[in-house]
There are 2 protein chains.
Amino acid sequence: MTRIATLSETRSNCHDCRLRSLCLPDNLSKEDIGELDSIVQRRKPVARGAYLFQAGQRFNSIFAVRTGSVKASTLLANGDEHISGFHLPGDVIGLDAIVSRDHPSTAIALESTSVCEIPYAELESLGDRLPTLQHQLVRIMSRELLAEQSTGHLLTRRAAEQRLAVVLLKFSERFANRGLSALRFRLPMSRLDLGNYLGLVPETMSRTFRRLEEQGLLSIAGKEIEIVDVCAIKALAYGNNEGDLAAKA
Amino acid sequence: MTRIATLSETRSNCHDCRLRSLCLPDNLSKEDIGELDSIVQRRKPVARGAYLFQAGQRFNSIFAVRTGSVKASTLLANGDEHISGFHLPGDVIGLDAIVSRDHPSTAIALESTSVCEIPYAELESLGDRLPTLQHQLVRIMSRELLAEQSTGHLLTRRAAEQRLAVVLLKFSERFANRGLSALRFRLPMSRLDLGNYLGLVPETMSRTFRRLEEQGLLSIAGKEIEIVDVCAIKALAYGNNEGDLAAKA
DNA sequence: CGAATCCTTGAGTAATTTCAAGACTGGTGG
DNA sequence: CCACCAGTCTTGAAATTACTCAAGGATTCG
């Protein structure tokens, strides 16, 4: 077929982006979105396993995930990998690098992933002229700060079942925020990666998933997860430690 | 003694503040600091156990810790408290509330603590006029984001000894950043609170402290901590899991 | 000085980790 | 299109570790 489409035609712009309300353009006027759009670079999708950037690499841009998913990881002194988070469409990546000159962590695509690259120097300049954009950047950073904090809550839960319940609800919420089903979704990462994130070994992950399925809280088919009993999962995740509520499932 | 000093005289200003380089004034011109100073409110110290703000309370200001220390906590559904962080002089608190209208967490003074209160609406307006100030706010948020992330690293460490080693090194670094001793310092929080933060029960905290002291890595006198063998602590915190290096202590 | 809180210590239990090995996938190449 | 291969996932049994429960002792703050 004849390809007469220019690059810009096949690539979306901020104004028409479904994720606009989650991203930098939120609250911006049509004109301001146009200005932002002019500095946003939309490259071809990043292949599964490829780096968006690596730890130690010079920081130049932040990235907004458009489709796909990304894991953020750091290499520990002993050679182990620690996964500090997973990024889904609408998330903005690289904000932790602003304060230093270099990226503190590595961003790896978990599947074919398309991102918008926003050169930070240009964003900063544009923000000087467009207060609304600047405010939105700050709001997004505040949002990320909040998200990171709740990760802390997650990891101090002792029981593996609790940690899994909490993280599943968090993903559920994130999918729902994008208008997807809160009860049926596909986890983009391997159990290995999810376990690493939660501080649990793969064996425990496997057993914990199975236990929740046996209790009738989940239905699992590979990476496809269905939350069968939301109430019970919430009770397990956020309810009392004694299990009084959860035991009623 | 005769008190003729006005309130403004007994209270410092941003320009003369020792913590200036860690805080919002960093990188600002003398004039800009003056403008910032004019919106900063310096109240009398907050007593030990008093709230700077409570979760759910309307967000109006961010706070910079000048002296003392603060713990950030949230109440879980089961009634338990979760401590998400500790704030020392130079830290800016409340940034996680910008995105929502209310504070997501409660800030409690761990000792008599003095803070600078910065009304956020005014800071935002001022930031619109002073790009350098705006950039500095973003840098501080990026710094906080980075700090929160490394909390995640901390909490995925399985062993209690590792978690304690990591958190002690983090405090050591923070004290050093303020020009204090990196090897001898006073932890402002109780073992209870520190354990809560680390996801460990008080009994485990007690035993773990004692074990590190017996191994000759620490010297402990109440809240006063001395790091005796930095290398061994670092090996324990960041070295390999097998303990090959740490065992040589 | 006195009460409240915090810290310590001990013994037993429950949980995850470790070690080992087999089964399953999904992607690649013939 | 099928077969292969590497990585992923599962399962079992033993070992380690932190948690729970209980109670006494030490600090600290008012």
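Calculation notes
Residues numbered from 1 in each chain as written. Chains lettered and ligands numbered in written order. Predicted model: local features only at pLDDT ≥ 70, side-chain atom pairs only at ≥ 80, totals over all residues. Heavy atoms only, no water. Helix = DSSP H or I, 4+ residues; strand = E, 2+ residues; numbered from the N terminus. Rg over C-alpha atoms; globule rule 2.2 N^0.38 Å. Buried < 20%, exposed > 50% of the residue type's maximum accessible area, 1.4 Å probe, protein only. Areas by Shrake-Rupley, 256 points an atom, 1.4 Å probe, with all protein chains shown as cover. Lys, Arg positive; Asp, Glu negative; His and termini not counted. Charge placed at Lys NZ, Arg CZ, Asp CG, Glu CD. Pairing = 2+ DSSP bridges. Contact = heavy atoms within 4.5 Å. Axes fitted to C-alpha atoms, helices over the stretch in contact; angles between N-to-C directions. pLDDT = per-residue confidence, 0-100.

Visitor: How would you sum up the overall build of chain A? Please name residues and give values.
Guide: Assigned secondary structure in chain A consists of eight helices and 11 strands. Taken over the C-alpha trace, chain A has a radius of gyration of 20 Å; the compact-globule value for 249 residues is 18 Å, and the two agree within 12%. Every one of the 249 residues in chain A was classed for burial, and the buried ones make up 51%. Approximately 11500 Å² of chain A is accessible, and the part contributed by carbon and sulfur atoms is 50%. Each charge sign in chain A was given a centre, from 31 positive and 30 negative side chains, and these centres are 3 Å apart.

Visitor: Give me the lowdown on the pairing of strand 7 (residues 106-109) of chain A, citing residues and values where you can.
Guide: Residue and element names in this part refer to chain A. Of the two faces of strand 7, both are covered, the one formed by Thr106 and Ile108 as well as the one formed by Ala107 and Ala109. Relative to strand 7, strand 2 (residues 51-53) is paired through two bridges, and the arrangement is antiparallel. In the sheet register, Tyr51 faces strand 7, and the bridge partner there is Ile108. Direction of pairing for strand 4 (residues 70-75) relative to strand 7: antiparallel, over a ladder of four bridges. Within the sheet, the bridge partner assigned to Ser73 lies in strand 7 and is Thr106.

Visitor: Please provide a residue-by-residue account of the sheet that holds strand 3 (residues 61-67) of chain A, values included.
Guide: Residues and elements named next belong to chain A. With antiparallel pairing, four strands are arranged side by side in an open sheet as 1-8-3-6. A strand with exactly one partner marks an edge of an open sheet, and here the two such strands are strand 1 (41-42) and strand 6 (92-93). Pairing of strand 1 with strand 8 (residues 114-119) involves two bridges; the strand directions are antiparallel. Counted as the bridge partner of Gln41 is Glu117 from strand 8. Each of strand 3 and strand 8 is contacted by helix 3 (residues 120-129), which is oriented at about 65° to strand 8, the strand it contacts most.

Visitor: Help me get a handle on the confidence of the model for chain A, residues and values and all.
Guide: Residues and elements named next belong to chain A. Averaged over every residue, the pLDDT of chain A is 89; residues scoring 70 or more account for 92%. At the level of individual helices and strands, chain A shows its lowest average pLDDT in helix 1 (residues 7-10), which scores 43, and its highest in strand 6, which scores 97. Long-range and interchain partners of residues 1-10, a stretch whose pLDDT sits below 50, account for one contact in this model, where long-range means more than four residues apart. Taken together, the stretch residues 241-249 has pLDDT below 50 and engages in nine contacts with residues farther than four places along the chain or on a different chain.

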